[in-house]
Structure formats: C-alpha cells, structure tokens
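Here is what each chain is made of, one letter per residue.
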Amino acid sequence: MNKITNNVYHVGDSGCSVYLVNTQSVDGLILIDCGMSLEMIKAIAKVNLDPNNIRHCILTHFHIDHIGACHDLKKFNNMVKFYAHELDAKAIEEKGHDEQTAASWYGVKYNPITLEKRLKAETEILKFGDFEFKCIHTPGHTPGSISVYLEIDNKKILFGQDIHGPFYPAFGSNLKDYQKSMEKLLSLDADILCEGHFGIFEPAEEVYKYIKRYMNLNK
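Just so we're clear, the structure is a prediction, and the values are computed from it rather than from any experiment.

K.L.:
Which parts of the structure should I look at to understand the packing of aromatic side chains?
P.N.:
When we look at a pair of aromatic rings, we describe it by the centre distance and by the angle of the planes. Summed over the entire model, instances satisfying the criterion amount to nine aromatic pairs. Arranged with centres 4.7 Å apart and planes meeting at 70 degrees, the rings of F167 and Y178 form a pair that is edge-to-face. In this pair, F167 is assigned in the loop between β11 (155–160) and α6 (175–187) and Y178 in helix α6, connecting sequence segments eleven residues apart. Accessibility assignment for this pair places F167 and Y178 in one class, buried. With a centroid separation of 5.0 Å and 55 degrees between ring planes, the pair formed by Y210 and Y214 is classed as tilted. Here Y210 and its partner Y214 are both found in helix α7 (residues 204–217), four residues apart, which amounts to about one turn of the helix. With respect to class, Y210 is no different from Y214; both count as buried.

K.L.:
Help me out: how do you make sense of the sheet that holds strand β9 (residues 131–137) in this one?
P.N.:
Sheets are built from strands that pair by backbone hydrogen bonding, the pairs being arranged parallel or antiparallel. Across the sheet, six strands lie side by side as β8-β9-β10-β11-β12-β13; this open sheet has mixed pairing. This sheet does not close on itself; its edge strands, each paired only once, are β8 (123–128) and β13 (200–201). Pairing analysis gives four bridges linking β11 to strand β12 (residues 192–195), with the strands arranged parallel. Paired with F159 across the strands is C194, a residue of β12. In the packing of α7 onto the sheet, contacts are made with β11, β12 and β13, and the angle to β12 comes to roughly 45 degrees.

K.L.:
Help me understand the nonpolar core, please; the structure alone is not making it clear to me.
P.N.:
Generally speaking, soluble globular proteins have nonpolar side chains that are buried together. The biggest cluster of nonpolar side chains holds 34 residues, and the ones touching the most others in it are L31, C34, L59, L73, F82 and I92. Residues Y83, I157, F159 and I192 belong to the second largest nonpolar core, which totals 22 residues.

K.L.:
I would appreciate a short explanation of the pattern of salt bridges in the present structure.
P.N.:
In a structure, side chains of opposite charge can pair up when their charged atoms sit close to one another. Enumeration according to the criterion identifies six salt bridges in this entry. Across the pair E122 and K184 runs a salt bridge whose closest N-O atoms are separated by 2.2 Å. Taken together, the residues E122 in the loop between β7 (117–119) and β8 and K184 in helix α6 connect sequence positions 62 residues apart. When the shortest N-O distance is used, the salt bridge between K209 and E206 registers 3.1 Å. Here K209 and its partner E206 are both found in helix α7, three residues apart, which amounts to about one turn of the helix. The partly exposed category is assigned to K209, whose relative accessible area is 49%. Residue E206 is classed as partly exposed on the basis of its relative accessible area, which comes to 32%.

Here is what the cut-offs are and how they apply
Residues numbered from 1 in each chain as written. Predicted model: local features only at pLDDT ≥ 70, side-chain atom pairs only at ≥ 80, totals over all residues. Heavy atoms only, no water. Phe/Tyr/Trp six-rings, centres within 6.5 Å; stacked < 30°, edge-to-face > 60°. Helix = DSSP H or I, 4+ residues; strand = E, 2+ residues; numbered from the N terminus. Buried < 20%, exposed > 50% of the residue type's maximum accessible area, 1.4 Å probe, protein only. Pairing = 2+ DSSP bridges. Contact = heavy atoms within 4.5 Å. Axes fitted to C-alpha atoms, helices over the stretch in contact; angles between N-to-C directions. Core = buried A, V, L, I, M, F, W, Y, C linked by side-chain atoms within 4.5 Å. Salt bridge = Lys/Arg side-chain N within 4 Å of Asp/Glu carboxyl O.

Interpretation in functional terms is not warranted from these geometric data alone.
Below is the structure:
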C-alpha cells in the first residue's frame, strides 16, 4: 500500500494495479478496479483504512484481472456499489464470457456482479464526497474501456488502466478507437498517470511520453 498523493493510494497488484481514493466523507473509500485478490484489498486495514468503508468501485473494463475479486468483495462488504461502461456491462453482469473477459486465459471462474450504474455518456461524472470522478469513455482495448480523471489539490490524476493494451479480436479491440482515445487522454495534460500494470508516472512530461510511446507502437 503506497500513498500517491493526498487521499490517493496504490493498494497493490493482483492481476492488475488497484487504486483507492479516500473521500473522507459518508461516501467512504472508492476503488478503481478490484484486481483478483480480496485479501490484498482487506490489507488496507494495515494503514488504518477500513475495508468495510469501501462504498464504490469503478471498473475500467471487463477483463478478469480487473474484476475477478468483485464478487468476493461484495460478499465481504455488501455496501459496495459497482460502476462500468454499458458496452462492457454484459460480460461483468453475466456468466459465459470467459474468452472476452480472459477468464479462460487465467483458468479461473468468474462470478458475476450487478452494476449500480451503467455509464453511457462520452464523459460521465460520479460525485462522491467533494470529489468528482470524471469517467471518460476510451474504447480500444475493449469496447467499454474507461479512464478516470480526478483533480485533487491542484494535481490532475489520470487512472488510465491498460493504456498499453493488448489488443485482440476476442476482446472487441479496435486500434482506430484506441488512437482517438489516447488523443483524449493526452489533451488532459495529467500530472500523474496511474496505469493498470506498469506503475505510476509523473510529472506531466513522463505521462505524455508513456502514452505517446504506446500510441506509436499500436498504430
């Protein structure tokens, strides 16, 4: 568990990187993705954050390494509400999408969860406490991939999970959509990028270089 900036933490890596925002309000703790390990999430108690105070989880896309622990988290803490884009919602809420979710790659069984809300707009804001989580539709890796943008203490933070890909027909990947999505992210001029598998990048120049490198690799 590492602190990134005020109220923003890297919980750890289990399948993917899981991030947490403490709203310090009745909306409690917000997760960006779940990863594949409930025990990793519960370990936030070691830094005096109560896993029972997790109230919301924004899912960036439907891959098992990002959603695998959702069902266990809901059983552990029934207060948690989940959010994802409508184009990825079916695979999150139903069984039988093991190739699309890559559950078959990992040889695991995915237990579906019910979403509190399916995001539909090009940009949709989820307001928790005093924080505005701007959910930006960034298709490419999957049809319903989203990136989450948040401003805290004059810092522009981008949760841009899986900017690197990969891209496969089974995922519904689209490289033209990906290029447009990355242009959107570059226009944000984020100070900090919290990526899905390769760590945290800052300042803004490093964020720009990271995104541009993968755009050039995936033309």
